[in-house]
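Here's the letter readout for the chains.
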Amino acid sequence: MSGDLEAGSSHQTTLRILVVDRPDSPLFARLQELTPLTTAIGESTLVSDLDSIRQQFQSNDYDLYLIAHDPGQQDGLEFLREALRQGCEKPVVLFPLEDDGMLARAALDLGAMDCLPQRQLDDFLLKHIVRWGVGRSQLQRKLQQSQQNQALMETAIAYLHTGVFILDPSQPNTPIIFANSAFQQLTGYLSEELYGQPHSLLYGEETDPDTIAHLEWAIAAGETTTCTLLNYRKQGETFWSDLGIYPIYDQFRQLSHFIGLQRDITIHRQAHLTLEQLRHQNELILNSAGEGIYGLDLDNTVTFINPAAARMLGWDVTELIGQSIQRILPGFSPLPLADEPRPTVSTSSTPTSFSVSPSQTDNYHRKDGSAFPVEYTRTPIYKENKMVGTVVVFQDITERRTNEAALRESEERYALAVQGANDGIWDWNLRTGEIYFSPRWKAILGYADSELPNTLEMWFNCVHTNDLEAFKRAINQHLSGETKNLEHEHRMRTKSGDYRWVLTRGLAVQDASGQANRLAGSQTDITERKQIEEQLLHDALHDALTGLPNRALLMDRLHHTIEVARRGTDYLYAVLFMDIDRFKVINDSLGHMQGDKLLMAIAQRLTTCIRPGDTVARLGGDEFVVLLESIRDLSAALTVAERIQATLEEPIYLSDQEVFITSSIGLALGGKQYHAAEDLLRDADTAMYRAKAKGRARYEIFNPGMHQQAVALLQLENDLRRAINRQEFFLEYQPIISLRDFRLVGFEALMRWQHSKRGRIPPIDFIPVAEETELITPLERWAIRQACWQLEQWHSNYDIAKSLVIHVNLSGQHFDEGLVAEMRSLLADIPLPPEVINLEITETMLMQNAETAVSLLNRLKDLNLRLSIDDFGTGYSSLSYLHRLPIDTLKVDRSFVNKLDTDPEQVAIVRTIMTLAWNLGIEVIAEGVESIKQQAQLNALQCDYAQGFYFSRPLGAEQIEKLLQESVAHFTPHPTAIPYKATSSSERKEL
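What you see is a predicted model, and the numbers here were worked out from it, not measured in a lab.

1. Some points on the confidence of the model for the protein
Per-residue confidence for the protein averages 84 on the pLDDT scale, and 88% of its residues sit at or above 70. pLDDT under 50 marks residues 1-11. Its contacts with residues more than four places away, or in other chains, come to 21 contacts. Taken as a whole, residues 974-991 scores under 50 in pLDDT and shows 32 contacts with residues more than four places along the chain or in a different chain.

The structure is reproduced here in structure tokens:
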């Protein structure tokens, strides 16, 4: 009995059966007797009360429902209705006690599969019901597999790089009714543009006419064809493609569609033009290559065979015609006639008919005995309802078998990759709502696989509330087709309660109607990347040393503040541009590391001087900017400036060193007048430089005049650069007089600038600019050479000038190691005794680096040059260094000389300088002598030499030559001048 029950079942399918009957159910008893005799029945359950029945129907866990109907005890129809109310989709059979036609119709109308009287129920009928249940279960399984295969095929077509399209031959012009994304990209048309287009879109005006004719013929004839043709994209661009058209027939062998494959071969065609002739020679062979086809009569004799089949079998066509298939393929049975179904033909109007058998696989043998796998179909041919032969179509599936093995291996690799991937995997069935999360997906959030349920609610509950709406919107946009892929970054709550950043990627799978039915993707932990991005953003907008906002962030806030002020009515703000006074001295003396510590300490103090909403930024070096937003008036900004200066004046301790600093602050008050942050910062910077110019350790408020002065200074700098190339500079020479006999002993060369448009520009205006722009060094090189060349000319032309000395000034930038080589080169170029060249260096310049200065002066002295300290008494010279310097002359600054006749203190200072010089054997020149009283006082102090307007203003070279031509060697002093009186060395010490 079990054998009969299981016959025809190729798979061990077991059923779960629910019996609804009274507790002493004979139906259930009969089923229990049948269960041990077959494996088809996996489990059977009996329920009697309505609550249990309802619960079982709700679970929907059974494959077959058998309901007994007993009018006296159990209403089977009510149970049937309850099953349908609970959504039961499985087959239900109603078993009344007696045959009742009205009851049967009612049961069938409600949805029962059948209605069978219990009294007629025997083992055969029960087995038939179980067998039907087994068959239906197998059919459902195959249907599910078919649906999965259909979804996979649609996905594969969507991702193919080959263009795929479908033509509808039932409509005029055989239009395009489907095109995958690759075909759309190939032609440049969108899907909606392609739909309904005639198949002539596949070629263009310049396509080969023969190819078009063949293509049209194949479509008209419903034949397979492949060709290479020239086509046009939507934009008019041409491309070459391989095109294949394949007819699709329905179960009635009626042509229903064409499937087309198109591949862009433009590059390949261009690259292989040289092989075109060879390809043409092989074209016939390639066109004839395809499936092997041969026909057999009832004696299994080959009646026809195509070249492809003969080639695959290793025979010639002529060798195979008339041969028995058993000789060609020993053991092959082309058609088991006894098992093959016959078509039913009602009339003789269809003399020849056929039906295709399912494809099968086997091994064919070639003529040489070698075997190869094939897939074949056998089609019996009928004529007048009588089979007359068989057609066999086969193809070599060696490559397919290899590809299938590779595919299985690839699938195994993918499965292993998913298990070992660092990303979490998720898969959401949009139809059922079921969702899957891989163990790694949950591990990213710190959970074990069993700790989180696989529900959409759980997923969304873990998303940060501030990110949830955007995440849902991204999902909906992808499902609606607005985005090609789902890709969204958001925060997810972990098991510990904190949040981690994740990147969720996904792709929707659509059904035939274009509706998304599945969404799957991955989840990647990007927390570390986000932290790095945040740190990079912070670093990009903040100073690395102090942590304060940098220029970029400051400019952004300034732009924002200016926009707020322009929208408001009375909105005021201020910018304080601050520079640390003499910071370079601190850096050079204590070192850059201590300097950095000082800047950090300053930054900390500045943050204590402002409100929470204000900004302190470091622009670089020792420059800081404070932005004060929404202030009451100017006094509020001045209060902050004063607070900053007071805070910075307090000592700062660096290691064991106590440091005192001051700052110069420029303040620009902002309102609606500003449109650009750069202008606001520029004005505050201009005010800061004005504060420095006024003595440092103070603040200045910007006014428009400052900007005009800054513009003028910039113009002066530009003119200064052009003046060097235009040779607008020249020298004037101020005589230096001996106070002993009022004899001319030399000149001081003074640089002058004759501007091409502005006329003569005073040195006090352009010398500081030249020093700041580092143009002073080339200017001084030119001045030294010009002065020495001029003196050499006077020495050569005038005997009275042979003892004259030229004095030239050096700036701090020029006083460096290159000066020695420069002077050596000058002495080699100009035949002038080095003793008549006197280089003047300021006292402050020497004391900036005394040890280096001593070394450099000694090397200059080795060239026999004369050396002077200019502006002596105004700098920071140390007497301990003065005796080590190889100095020939001290020049007393004019600030002392100007008050000799009015201020006794100045007289005492000059007397001290004179005594110091005499003790060191150094000559003294007094600068800026402008009156007879000053000259008389210098005579009384036994000063050696003097220069000034009292004797002569600076003169041009022509004026000096005129004096030399007239042999003017003495400058007669005023009649009341005190004559020079020689004194002993002891008397000099007393002075």
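2. Structural notes on the sheet that holds strand S7 (residues 176-179)
Judged by pairing direction, the sheet is antiparallel, and its five strands sit side by side in the order S7-S6-S10-S9-S8 without closing on themselves. Either end of the sheet is taken by a strand with one partner, and the two such strands are S7 and strand S8 (225-232). Each neighbouring strand pair of the sheet contributes to a mean axis angle of 30°, computed without reference to strand direction. The sheet contact formed by strand S6 (residues 163-167) and S7 spans three bridges and is antiparallel. Looking at S7, one finds that Phe 165 is bridged to Ala 179. Docked against the sheet, helix H9 (residues 209-221) engages S6, S8, strand S9 (238-249) and strand S10 (255-264), running at close to 125° with respect to S8.

3. Focus: a nonpolar patch on the surface
Side chains of Tyr 246, Ile 248, Ile 259 and Leu 261 sit close together on the surface and give an oily, nonpolar patch of about 280 Å² of accessible area. Contributing elements (two or more residues each) for the nonpolar patch: S9 and S10. Its place among the elements puts Ile 248 in strand S9.

4. Brief notes about the environment of Asn 703
Within the secondary structure layout, Asn 703 lies in the loop between strand S28 (699-701) and helix H25 (704-726). Exposure remark for Asn 703: the relative accessible area of 35% places this residue in the partly exposed category. It is 9.6 Å that separates the C-alpha atoms of Asn 703 and Leu 667, two residues lying 36 residues apart in sequence.

5. Describing the pattern of salt bridges
Scanning the model with the defined rule gives 40 salt bridges in all. The residue Asp 829 makes a salt bridge to Arg 785 at a minimum N-O spacing of 2.8 Å. With Asp 829 in helix H28 (residues 818-829) and Arg 785 in helix H27 (residues 776-797), this pair connects stretches of sequence that are 44 residues apart. With a relative accessible area of 48%, Asp 829 lands in the partly exposed category. Each of Glu 489, Arg 529, Lys 530 and Glu 533 takes part in salt bridges that share partners, so that together they form one network.

6. Digging into the side chain of His 464
Take His 464: it is sitting in the loop between helix H17 (456-462) and helix H18 (465-479). Within the structure, His 464 has its side chain in polar contact with the backbone nitrogen of Asn 466 (distance 3.0 Å). Residues contacting His 464, with those up to four places away along its chain left out, are Arg 491 and Tyr 499.

7. Examining the pairing of strand S24 (residues 623-628)
The buried fraction of S24 is high, at six of six residues. Note that strand S22 (residues 573-580) and S24 share six bridges and pair antiparallel. Opposite Ala 574, over in S24, you have Leu 628 as the bridge partner. Relative to S24, strand S23 (residues 615-620) runs antiparallel, the two being bridged by five bridges. Paired with Gly 620 across the two strands is Glu 623, which belongs to S24.

Rules of the game
- One numbering rule holds for all chains: residues counted from 1, following each sequence as written.
- Residues qualify for local features only when their pLDDT is at least 70, as the model is predicted, and side-chain atom pairs are given and counted only at 80 or more; totals for whole chains, interfaces and linings, by contrast, use all residues.
- Each side-chain value is derived from all of the structure's non-hydrogen atoms; neither hydrogens nor water enter the calculation.
- Residue-level confidence of the predictor, termed pLDDT, takes values from 0 up to 100.
- Contact between two residues is taken to exist if any of their heavy atoms lie within 4.5 Å; hydrogens are not considered.
- Pairing between strands requires that DSSP locate at least two bridges from one strand to the other.
- Put simply, DSSP marks the helices as runs of H or I at least four residues long and the strands as runs of E at least two long, and each gets a number from the N terminus on.
- Only C-alpha atoms enter the line fits that serve as axes; for helices the fit covers just the stretch in contact. Angles between N-to-C directions range over 0 to 180 degrees.
- Distance thresholds for patches are 9 Å for like charges and 5 Å for nonpolar side chains (Val, Leu, Ile, Met, Phe, Trp, Tyr), applied to residues having over 30% relative accessible area and no salt bridge.
- Computed by Shrake-Rupley with a 1.4 Å probe, the accessible areas treat only the displayed protein chains as cover when residues are assessed.
- Whenever Lys or Arg places a side-chain nitrogen within 4 Å of a carboxyl oxygen from Asp or Glu, that contact is recorded as a salt bridge.
- The buried label goes to any residue with under 20% of its type's maximum accessible area, the exposed label to any with over 50%, and the partly exposed label to all in between, with areas taken from a 1.4 Å probe on protein chains only.
- Between N or O atoms, a polar contact is any pair within 3.5 Å; within protein, one atom must be a potential hydrogen donor and the other a potential acceptor, and residues adjacent in sequence are included only when both atoms are from side chains.

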